[in-house]
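Structural description and commentary
Single-letter residue listing:
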Amino acid sequence: MSYPPTGKARTIVITGGSNGIGHGCAAAILRSLDGPWHVVVTSRDADRAQEAVSRLAGAASAANRVEAMSLDLASLASVRTFTAELTGRLTSGGLPPLYAAVCNAGQQPGTTVSKTADGFESTFGVNHLGHFLLVKELLPVLKAPARVVVVASGVHDPAEHPSMPGPAWNSVPALARGELGPAAASDLPFAFGQRRYATSKLANVYFTYALARRLPAGVTANAYDPGIVVGTNLQRNHAAPVRFAAKHVLPRAKPLLRRFVTKKVYTIEVSGGSLAWLATAPELADTTGKYFHQREAIPSSEESYDTARADELWNDSVELTARSTSTAST
Ligand SMILES: NC(=O)c1ccc[n+]([C@@H]2O[C@H](COP(=O)([O-])OP(=O)(O)OC[C@H]3O[C@@H](n4cnc5c(N)ncnc54)[C@H](OP(=O)(O)O)[C@@H]3O)[C@@H](O)[C@H]2O)c1
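Residues numbered from 1 in each chain as written. Predicted model: local features only at pLDDT ≥ 70, side-chain atom pairs only at ≥ 80, totals over all residues. Heavy atoms only, no water.

Applied cut-off: UniProt positions are given in the numbering used here, feature names are shortened, and annotations may be inferred rather than shown by experiment.
Named according to an unreviewed UniProt entry, the protein is SDR family NAD(P)-dependent oxidoreductase originating from Nonomuraea cypriaca. Taken directly from UniProt, the Sequence similarities (unreviewed entry) text for the protein runs: "Belongs to the short-chain dehydrogenases/reductases (SDR) family."

1. Quick notes on the overall build of the protein
Stated precisely, the cut-off is as follows: Numbering of helices and strands starts at the N terminus; helices are DSSP runs of H or I of at least 4 residues and strands are runs of E of at least 2. Three exposure classes are used, based on accessible area relative to the maximum for each residue type with a 1.4 Å probe and protein chains only: buried under 20%, partly exposed in between, and exposed over 50%. For this analysis, residues touch if any pair of their heavy atoms sits within 4.5 Å. Computed with the Shrake-Rupley method and a 1.4 Å probe, the accessible areas treat only the protein chains shown as cover for residues. We count Lys and Arg on the positive side and Asp and Glu on the negative side, and we leave His and both chain ends out. Throughout, a charge is located at the NZ atom of Lys, the CZ atom of Arg, the CG atom of Asp or the CD atom of Glu.
Helix and strand content of the protein: 10 helices and 10 strands. When the backbone C-alpha atoms are referred to their principal axes, the protein occupies close to 60 × 45 × 35 Å. A buried classification covers 55% of the 330 residues belonging to the protein. Contacts in the protein between residues at least 24 apart in sequence constitute 79% of all its contacts with a sequence separation of at least 6. In the structure as shown, the protein presents an accessible area of about 14300 Å², 55% of it carried by carbon and sulfur atoms. Within the protein, one finds 32 positive and 26 negative side-chain charges whose respective centroids are separated by 6 Å.

2. Side note on the nonpolar core
Quick reminder of the rule: Within this scheme, the nonpolar core is defined by two criteria: the residues are buried Ala, Val, Leu, Ile, Met, Phe, Trp, Tyr or Cys, and they are joined through side-chain atoms within 4.5 Å.
Ranked by internal contacts, the top residues of the largest apolar core, which has 49 residues, are Leu86, Phe124, Val148, Trp169 and Leu211. Elements that contribute at least two residues to this core include exactly helix H3 (76–91), strand S4 (98–103), helix H4 (122–138), strand S5 (146–151), helix H5 (172–177), helix H6 (189–214), strand S6 (219–225) and helix H10 (307–322). Per-element accounting of this core gives the leading share, 8 residues, to H4.

3. A word on the environment of phenylalanine 292
Tracing the sequence through the fold places phenylalanine 292 in strand S9 (residues 290–293). Linking phenylalanine 292 and threonine 91, residues 201 residues apart in sequence, is a C-alpha distance of 32 Å. The residues touching phenylalanine 292, leaving out its near neighbours within four places in the chain, are Asn222, Ala223, Tyr224, Asp225, Trp277, Leu278, Leu284, Thr287 and Ala297.

4. Some words on the side chain of serine 32
Our working definition: We define a polar contact as two N or O atoms separated by no more than 3.5 Å, with the added condition that, inside protein, one atom must be a possible hydrogen donor and the other a possible acceptor, whereas residues neighbouring each other in sequence contribute only through side-chain atom pairs.
Residue position: serine 32 is located in the loop between helix H1 (20–31) and strand S2 (37–43). On the accessibility criterion, serine 32 (19% relative accessible area) is buried. A polar atom in the side chain of serine 32 sits 3.3 Å from the side chain of tryptophan 37. Beyond its immediate sequence surroundings of up to four residues, serine 32 is in contact with Trp37, Ser61 and Asn64.

5. Concerning unusual backbone geometry
In this structure, the amide linkage connecting glycine 35 to the following residue, proline 36, adopts the cis form with an omega of 5°. Structurally, proline 36 is set in the loop between H1 and S2. With omega at -5°, the peptide bond leading from alanine 144 into proline 145 counts as cis. One non-glycine residue, glutamine 294, adopts positive backbone phi at about 50°.

6. A short note on the sheet that holds strand S1 (residues 10–14)
Condition: By definition, two strands form a pair when at least two bridges between them are found by DSSP. Whenever a helix is involved, its axis is fitted only over the stretch in contact; in every case the axis is a line through C-alpha atoms, and angles between N-to-C directions fall within 0 to 180 degrees.
Spatially, 8 strands are ordered S3-S2-S1-S4-S5-S6-S9-S10 in an open sheet, and the strand pairing comes out mixed. Each edge of the open sheet carries a strand with a single partner, namely strand S3 (65–70) and strand S10 (296–298). When the angles between neighbouring strand axes are averaged without regard to direction, this sheet yields 25°. Where S6 meets S9, 4 bridges bridge the pair, whose relative direction is parallel. Bridge assignment links aspartate 225 to a residue of S9, and that residue is histidine 293.

This is the structure in structure tokens:
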């Protein structure tokens, strides 16, 4: 694989580019003529990764390249293996300089509580702690101009989604154990799962703001709300009827959703395209510490501007990820 020496090729890493919004983001970047871009998508599964790369390569512009690497955010050892390999290739010149890390992968829990390989509650562990460690390990190779984009969600904001269980913040070690704050006290299992998800998405926003305050000039961090995106696999951990409705009913009910629930309903192409824009648009070179819905910077929840909490999350995440117990398997 070679790039024109004057072509200023750059690498973009997208966690979870095998499906959904991350896949849409990768497709949009690979179609673009602003590169050359070297896009690394990640997956936990070799077959899904290969299929994604074949689909993406088929639609890529001639100068762009795509490959997949293995990453399981539910294992801090896997995160370390991934970042060590990526860093080695970047520093040896085997990959063009890192331009963007898109923290997109995520999971929504069903009604049961599961743990990561390191013993953290999975929603918090995958959606926050895994990405926290990934970005922290990549900081030495995130040199200006570069950016981090964190995919959060409007569900972190109860004012935005009043009918859904909102976040129930707690101390960070408690959240890592799966213990939410008092708002979750009387939740039934479904609501408790949704609340864990909303809380992890609030953690994504705190993380972005704390990161933006720590990055050197020319390296930016912004959070992203893709809206409600139909046709993704986010409901994979839910019971069969919920999965069925998400896959077959919601995409057809988009106009109804727009009319009666929220106007913020989008396709994978639209939300993935806006995520690609956040990761690459030259006009965003100096924009940092913002929260975007699609391509518009908007305020995040009132609660999300609690700087002391964001710093506490940062410091506790440093400690929790340092104490990881998983062993490398990827
Ligand atoms: N869909 C929506 O309406 C919506 C709304 C707001 C925010 N979001 C956010 O958007 C992001 C993408 O979601 P999506 O809707 O596109 O879901 P999706 O279709 O399920 O895609 C999720 C991606 O994350 C990867 N992934 C899942 N668990 C992982 C783990 N433990 N380690 C590494 N990768 C993992 C999956 O890859 P493999 O399974 O191949 O490993 C997949 O590529 C998430 O952060 C989600 O919270 C989605």
